[in-house]
Amino acid sequence: MTSDTRKNELAYNLEHLTQEIEALSSHAITLVAVSKYSEFTDIKALYELGHRDFGENRIEDLEKKSQLALECGLDEIRWHFIGHIQSNKIKRIARINNLYLIHSIASVKHLMHFNKEAMELKRSLRVCLQFNCSLEKQKDGLDLSIETTNEVKSALNKLSNLSLVGLMTMASHHGKSSQSEITNAFKRLVELRNTHFDQALKLSMGMSGDFHLALKEGSSIIRVGTRIFK
Ligand SMILES: *Cc1c(COP(=O)(O)O)cnc(C)c1O
């Protein structure tokens, strides 16, 4: 059970965040509530307040929470997988109930693997490509080279069960990056989209600490955990 105080707290956080987002952006923004540190009761409370988009980064948690959502009749929930992807978990990710968007695909091999699963399920999967825009070597994501970009684009042309929805990046690394480094990372993703992809593609960028910078650069999907659930 969620106590009324907790529900009020979540309502307050969501309301303030939504106002902040509206003040910073001129177009509609998708707010993914990143519930990875939260119990299902928090998700249910936010759903009852009208929120629909939730993000998880571990398949084990997503399986548990999506099953609970199904049992509780949260039929309109939209799940976003935002975590690092391992080959041996792809089958399980593709089978999540109400899976809406996979944000974090970072290799041609994984695109092919997801397409194969989608074919078996006789469905289409919505995906984003994750790029490493911070230029830190240890970070997840495709590199920004023209070779890599051409490689993923030609792969996607042949993968008819995947639908490319957008590009994703993570800018800040444990809060260690400066504001200008973060902004530069977001600018690189915008530039990549504008130069090499369909302009209509969405940009999944911005978290609790940097969504205000991401919105300034034209982000369309932000993934916020701490600011909502803290
Ligand atoms: C945890 C996480 C977020 C949300 O982070 P907060 O700082 O809590 O808002 C966003 N994106 C990804 C990929 C994450 O793993």
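Please refer to the structure higher up on the page.
Figured I'd write up the structure that's included with this text. (Residues numbered from 1 in each chain as written. Predicted model: local features only at pLDDT ≥ 70, side-chain atom pairs only at ≥ 80, totals over all residues. Heavy atoms only, no water.)

### Topic: the site of the ligand
Surrounding the ligand, one finds Val 34, Lys 36, Ile 82, Met 170, Met 207, Ser 208, Arg 223, Val 224, Gly 225 and Thr 226. Between the ligand and Thr 226 there is a distance of 2.4 Å, counted from an oxygen atom to a side-chain nitrogen or oxygen. Relative to its free-state accessible area of 390 Å², the ligand is covered by the protein chains to the extent of 88%. In terms of residue class, the shell around the ligand is made up of five nonpolar, three polar and two charged. (Near = heavy atom within 4 Å. Polar contact = N/O pair within 3.5 Å; in protein donor to acceptor, adjacent residues only side chain to side chain. Areas by Shrake-Rupley, 256 points an atom, 1.4 Å probe, with all protein chains shown as cover. Nonpolar A, V, L, I, M, F, W, Y, C, P; charged D, E, K, R; others polar.)

### Focus: the pattern of salt bridges
When the charged atoms of two side chains with opposite charge come close together, those side chains can pair. Enumeration according to the criterion identifies 17 salt bridges in this entry. Each member of the salt-bridge network shares a partner with another, and the members are Arg 58, Glu 60, Asp 61 and Lys 89. (Salt bridge = Lys/Arg side-chain N within 4 Å of Asp/Glu carboxyl O.)

### Quick look at the nonpolar core
Among the nonpolar cores identified, the biggest contains 63 residues, and Ile 102, Phe 114, Leu 129, Phe 131, Leu 167 and Ile 228 are the most heavily contacted of them. Ranked by residues supplied to this core, first place goes to helix α7 (residues 179-196) with six residues. For Leu 129, the contacting residues outside a window of four places in its chain are His 103, Ile 105, Leu 111, Leu 142, Val 152, Leu 156, Leu 164, Gly 166, Leu 167, Met 168 and Phe 197. Membership of the second largest hydrophobic core comes to six residues, among which are Val 32, Cys 128, Val 165 and Ile 221. (Core = buried A, V, L, I, M, F, W, Y, C linked by side-chain atoms within 4.5 Å. Buried < 20%, exposed > 50% of the residue type's maximum accessible area, 1.4 Å probe, protein only. Helix = DSSP H or I, 4+ residues; strand = E, 2+ residues; numbered from the N terminus. Contact = heavy atoms within 4.5 Å.)

### Some points on the packing of helix α1 (residues 4-24) against helix α2 (residues 40-48)
Remark: α1 packs on α2, axes separated minimally by 10 Å, with the N-to-C direction vectors making an angle of 60 degrees. By the angle between their directions, the pair α1 and α2 is classed as oblique. α2 is crossed by α1, and the crossing has right-handed handedness. Facing α1, whose interface residues are Arg 6, Lys 7, Leu 10 and Leu 14, α2 presents Asp 42, Ala 45, Leu 46 and Glu 48. Considered class by class, the residues forming the contact of α1 with α2 number four nonpolar, no polar and four charged. (Axes fitted to C-alpha atoms, helices over the stretch in contact; angles between N-to-C directions. Parallel < 35°, antiparallel > 145°, perpendicular 65-115°, else oblique. Left-handed = near helix turned anticlockwise from the far one by under 90°.)

### Observations concerning unusual backbone geometry
The backbone phi angle of Asn 98 is positive, close to 60 degrees, even though this residue is not glycine. Inspection of the secondary structure assignment puts Asn 98 in the loop between α4 (90-94) and β4 (99-105). In this model, Lys 122 sits at a positive phi of 50 degrees, which is unusual for a non-glycine residue.

### Quick look at helix α6 (residues 146-158)
Across its 13 residues, α6 extends 19 Å between first and last C-alpha, which sits within 8% of the 18 Å expected from 1.5 Å per residue. When α6 is considered as a whole, its buried residues turn out to be Thr 148, Thr 149, Val 152, Ala 155 and Leu 156. The arc that holds the buried residues of α6, viewed along the axis, is 135 degrees, so those residues lie on one side. Projecting away from the buried face of α6 at angles above 90 degrees are the exposed residues Glu 147, Asn 157 and Lys 158. Each element contacted by the buried residues of α6 is listed here: α5 (108-120), β5 (125-130), β6 (162-168) and α7. (Expected span 1.5 Å × (residues − 1). Arc of directions from axis to C-beta.)

### Points about the environment of Thr 183
With respect to the helices and strands, Thr 183 occurs in helix α7. Using a relative accessible area of 15% as the deciding quantity, one classes Thr 183 as buried. Linking Thr 183 and Ala 171, residues 12 residues apart in sequence, is a C-alpha distance of 8.0 Å. The residues touching Thr 183, leaving out its near neighbours within four places in the chain, are Leu 213 and Glu 217.

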